[in-house]
Amino acid sequence: MLSKFKYIVLHPTPCTDGTTLASARIARFLSSLLHCSLVDGRRLAPVPALRDATLFIVNGPFAFCTFRDWLLDLVKIAARVIWVQNDYNIDIPTAVPNNARDFRLWTTCIFAKPKFACQYVPWNRLTYKPQPTKQWRIPGVVYYGAYRETRARAFIKYLGKEAPYPVHLSTTTRGRPAFQHVCSNATTFYQPFSNVIAALQEFQMSLYIESDTSKNKVPCESPANRFYEAVSAGVAIAFDVDSLGNLQIDKVPVDDRWVVTSSRDVSVLLSHSAELATAQSILRADYYSDLVRAVHAAIAGLG
């Protein structure tokens, strides 16, 4: 049985070894860093034993949570509840802040008018896993992930029918038709990469784009996981000009010569991709230690 704890980390679904789910990896990291228990449905405790703890709830797939009633009982008696947010698309269940004595948000997002007390924490840095660089074997530009309307303009601009270079897209079978409507018939499609970093190393160049901020729920957020994955792989990166705002939040040193505004710009970068990848080695940094320091600073701020 769990005894009384100062900190508890909670994730709505099991956090198994080797998980690729970002929220589950964050939960495991936070539990290890704070030397506290991780509750993920596989092991629960009598609620009174957890009274007056600081409860960290990591945003995850709450639709699949099997212990929501237990969670809410714990929220009611916790000294404070901290919602760990790395995805603004996951809504905070209203019952959580409504029943918490002290509710706070530790988030990768920066809100113009936050509803709750917020602390910026660059959780996505946990994705950084640098690998030895290798020679690419597949020419052209690779993009991976779901089709989002908030990125449609960039998809058309860089991956569209007029792209003068080979385009490679990794997405689900279900998500493929939306891309096919935009891309040329020559586009090569792949199933979702099982190991993103290893897969990226096979391609000549990666494209870094972000959603149109005018259509986003938040004005800006920290660099996305795909930034840290590309840097981990050592693949050459073309940065869409509209992605720079979020990169500047973390003072990422993106050279103006790496920034693109059209498919023609991408073609220019492709012509010297090897030199580009070498120059971008400056982007490799100790992001993990930076994240650890950010969490410790946030803990100190709790008082």
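In what follows, the structure referred to is the one given above.
(A) View of the sheet that holds strand β8 (residues 138-144). What the 6 strands build is an open sheet, ordered β10-β9-β8-β11-β13-β14; its pairing is parallel. Edge positions in the open sheet fall to β10 (188-190) and β14 (259-260), since each of these has one partner strand only. Bridge count for β8 against strand β11 (residues 203-208) is 3 bridges, and the pairing is parallel. Bridging across to β11, Val141 finds its partner in Met205. Against the sheet, helix α4 (residues 152-159) contacts β8, β9 (167-170), β11, β13 (236-240) and β14, and its axis sits at roughly 140° relative to β9.

(B) Here's a closer look at the sheet that holds strand β5 (residues 103-107). The strand order β2-β1-β3-β4-β5-β7 describes an open sheet built from 6 strands, whose pairing is parallel. In this open sheet, the two edge strands, each paired with only one partner strand, are β2 (37-39) and β7 (117-120). The mean angle between the axes of side-by-side strands here comes to 25°, regardless of whether they run parallel or antiparallel. Direction of pairing for β5 relative to β7: parallel, over a ladder of 4 bridges. What sits directly across from Trp106, in β7, is Gln119. On top of the sheet, helix α1 (residues 22-34) reaches β1 (7-10), β2, β3 (54-58) and β4 (80-85); it is set at about 155° to β3, its chief contact.

(C) The pairing of β11, seen in detail. For β11, the buried fraction is high: 6 of the 6 residues fall into the buried class. With 4 bridges joining them, β11 and β13 adopt parallel strand pairing. From the neighbouring strand, Leu207 faces β13, where its bridge partner is Ala238.

(D) Inspection of the pairing of β4 at higher detail. A large share of β4 lies buried, amounting to 6 of its 6 residues. Residues Arg80, Ile82 and Val84 of β4 are buried on one face, and the alternating residues Val81, Trp83 and Gln85, pointing to the opposite face, are buried as well. In this sheet, β4 lies alongside β3 in parallel orientation, the contact comprising 5 bridges. Paired with Val58 across the two strands is Val84, which belongs to β4. A crossover connection joins β3 to the parallel β4 through helix α2 (residues 68-77); in handedness this β-α-β unit is right-handed.

(E) Inspection of the side chain of Thr127 at higher detail. On the secondary structure map, Thr127 appears in the loop between β7 and β8. Taking the relative accessible area as the measure of exposure, Thr127 reaches 6% and is therefore buried. Within the structure, the side chain of Thr127 is placed 2.5 Å from the side chain of Asn225, a separation counted as a polar contact. Ignoring any residue separated from it by four or fewer positions in sequence, one finds Thr127 in contact with Arg25, Ile197, Asn225, Tyr228, Glu229 and Ser232.

(F) Just the packing of α1 against helix α11 (residues 287-300), in detail. Between α1 and α11, whose axes approach to 12 Å, the crossing angle comes to 65°. Viewed along their axes, α1 and α11 adopt a mutual orientation that is roughly perpendicular. The element α1 and its partner α11 pack so that their crossing is right-handed. Seen from α1, the contacting residues are Phe29, Leu30, Leu33 and Leu34; seen from α11, they are Tyr288, Leu291, Val292, Val295, His296 and Ile299.

Cut-offs and rules
Residues numbered from 1 in each chain as written. Predicted model: local features only at pLDDT ≥ 70, side-chain atom pairs only at ≥ 80, totals over all residues. Heavy atoms only, no water. Pairing = 2+ DSSP bridges. Helix = DSSP H or I, 4+ residues; strand = E, 2+ residues; numbered from the N terminus. Contact = heavy atoms within 4.5 Å. Axes fitted to C-alpha atoms, helices over the stretch in contact; angles between N-to-C directions. Buried < 20%, exposed > 50% of the residue type's maximum accessible area, 1.4 Å probe, protein only. Right-handed = clockwise from strand over helix to strand, strands pointing away. Polar contact = N/O pair within 3.5 Å; in protein donor to acceptor, adjacent residues only side chain to side chain. Parallel < 35°, antiparallel > 145°, perpendicular 65-115°, else oblique. Left-handed = near helix turned anticlockwise from the far one by under 90°.

So, to be careful, I would describe these as geometric facts and stop short of saying anything about function.
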